[in-house]
Amino acid sequence: MSLAHTILGLLEQQEMTGYDLKNTCFDQCVAHLWPADQAQIYRTLDKLVEQGWTSCCVEIQSDRPNRKVYSLTEEGKAELLRWLQCHQPVPTVREPFLVQLFFAAQLPNPAIIKLLEQQLAARSKKLADCGNIQLPELEDCANREQIMQRLVLDLVTQREKTYINWLKTAIEAIKSS
């Protein structure tokens, strides 16, 4: 998956500015799946325009800076559909924290517990961020788009809960060793 395909998917829902993509979509909607900063988004939008997958219309504003509004082209829709139908392999996940723990027997227990507690705090924050995403519960979803988004959010939420439970177990195991 790429940032480009994420942006294509978001623009398929509605035309937006780069600012809207960052603040409304990436920060509030898909950050739990694919984080991106403002510079990455604008660089990718420029490439998408060059490839002909998006178009850009400048809206002149008298009281504020002009706005560049991006929309999906027919070529962009075709690319999004092509990508949506491609099998995505299981990603290679690099977990620096787990590698740390793998070798952490060299540390005293309080140092290991500190690492585990720091990770627990970070995972708890991510779980809370997921909880702040405004989507109806699965049984209350009004359309297929909401159903798909809810299913993905439920998986990410469950993954974080599982990680948190494992961290709590690991902390207790180290405390009792």
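Refer to the structure presented above.
Throughout what follows, the structure given in this document is the object of discussion. Being a predicted model, the structure only gives us computed values, none of them experimental.

## Section: the overall build of the protein
Okay, so step 1: Scanning the protein for helices and strands turns up seven helices and three strands.
Okay, so step 2: Element order for the protein, N to C, with α for helix and β for strand: α-β-α-α-β-β-α-α-α-α.
Okay, so step 3: Its C-alpha radius of gyration of 21 Å places the protein more than 25% over the 16 Å reference for a compact globule of 177 residues.
Okay, so step 4: In terms of its C-alpha atoms, the protein occupies a principal-axis envelope of roughly 65 × 35 × 35 Å.
Okay, so step 5: The burial tally for the protein puts 33% of its 177 residues in the buried class.
Okay, so step 6: Sequence separation of 24 or more characterises 57% of the internal contacts of the protein that already satisfy a separation of 6 or more.
Okay, so step 7: Accessible area for the protein stands at about 11800 Å²; split by element, carbon and sulfur atoms hold 56% of it.
Okay, so step 8: Here the protein contributes 19 positive and 22 negative side-chain charges, whose respective centroids are spaced 7 Å apart.

## A short note on the packing of aromatic side chains
Okay, so step 1: One pass over the structure, following the stated rule, counts two aromatic pairs.
Okay, so step 2: Centre to centre, the rings of Tyr163 and Trp166 are 6.0 Å apart; their planes meet at 85°, and the pair counts as edge-to-face. With Tyr163 and Trp166 both in helix H7 (residues 144-175) and three residues apart, the pair spans about one turn of that helix.
Okay, so step 3: Its relative accessible area of 12% is what places Tyr163 among the buried residues.
Okay, so step 4: Here the basic side chain of Arg123 rests over the ring of Tyr163, its NZ or CZ set 3.7 Å away from the ring centre.

## Describing the layout of surface pockets
Okay, so step 1: In this model, the second largest pocket occupies a volume close to 180 Å³.
Okay, so step 2: As for the second largest pocket, its lining consists of Thr17, Gly18, Tyr19, Asp20, Tyr42, Gln61, Arg64, Pro65, Asn66, Arg67 and Lys68.
Okay, so step 3: Within the residue set of the lining of the second largest pocket, elements represented by two or more residues are helix H2 (18-26) and strand E3 (67-72).
Okay, so step 4: The element contributing the most residues to the lining of the second largest pocket is H2, with three residues.

## Quick notes on the side chain of His5
Okay, so step 1: Counting through the fold element by element, His5 comes out in helix H1 (residues 3-13).
Okay, so step 2: Apart from residues no more than four positions distant in its own chain, His5 is found in contact with Glu79, Leu80, Arg82 and Trp83.

## Remarks on the sheet that holds strand E1 (residues 16-17)
Okay, so step 1: The antiparallel open sheet is built from three strands, whose spatial order is E1-E3-E2. The open sheet terminates on both sides in strands that have one partner only, identified here as E1 and strand E2 (54-59).
Okay, so step 2: Inspection of the sheet shows E2 paired to E3 by six bridges, in the antiparallel sense. Each residue of the ladder has a partner; that of Cys56, found in E3, is Tyr70.

## A few points about the environment of Leu48
Okay, so step 1: Turning to its location among the elements, Leu48 is positioned in helix H3 (residues 38-51).
Okay, so step 2: The exposure class of Leu48 is buried, given its relative accessible area of 0%.
Okay, so step 3: In this structure the C-alpha to C-alpha distance between Leu48 and Ile7, which are 41 residues apart in sequence, comes to 9.1 Å.

## Looking at the pattern of salt bridges
A side chain with one charge may pair with a side chain of the opposite charge, provided their charged atoms come close.
Okay, so step 1: Overall, the coordinates contain 11 salt bridges when judged by the stated rule.
Okay, so step 2: A salt bridge links Glu160 to Arg123, with the shortest nitrogen-to-oxygen separation between them at 3.0 Å. Of this pair, Glu160 sits in helix H7 while Arg123 sits in helix H6 (residues 109-131), and the two are 37 residues apart along the sequence.
Okay, so step 3: As a salt-bridge pair, Glu160 and Lys126 come within 3.8 Å of each other at their nearest N and O atoms. With Glu160 in helix H7 and Lys126 in helix H6, the pair connects residues that are 34 residues apart, well separated along the chain.
Okay, so step 4: With a relative accessible area of 0%, Glu160 lands in the buried category.
Okay, so step 5: One network of salt bridges, in which partners are shared, links Glu95, Arg123, Lys126, Arg159 and Glu160.

Thresholds applied
- Residues numbered from 1 in each chain as written.
- Predicted model: local features only at pLDDT ≥ 70, side-chain atom pairs only at ≥ 80, totals over all residues.
- Heavy atoms only, no water.
- Helix = DSSP H or I, 4+ residues; strand = E, 2+ residues; numbered from the N terminus.
- Rg over C-alpha atoms; globule rule 2.2 N^0.38 Å.
- Buried < 20%, exposed > 50% of the residue type's maximum accessible area, 1.4 Å probe, protein only.
- Contact = heavy atoms within 4.5 Å.
- Areas by Shrake-Rupley, 256 points an atom, 1.4 Å probe, with all protein chains shown as cover.
- Lys, Arg positive; Asp, Glu negative; His and termini not counted.
- Charge placed at Lys NZ, Arg CZ, Asp CG, Glu CD.
- Phe/Tyr/Trp six-rings, centres within 6.5 Å; stacked < 30°, edge-to-face > 60°.
- Lys NZ or Arg CZ within 6 Å of the ring centre and 35° of its normal.
- 1 Å grid on protein atoms, 1.4 Å probe; cavity = no way out; pocket = protein on both sides within 12 Å on 5 of 7 lines; lining within 4 Å.
- Points joined across faces, edges and corners; volume = space filled by probe spheres on them.
- Pairing = 2+ DSSP bridges.
- Salt bridge = Lys/Arg side-chain N within 4 Å of Asp/Glu carboxyl O.

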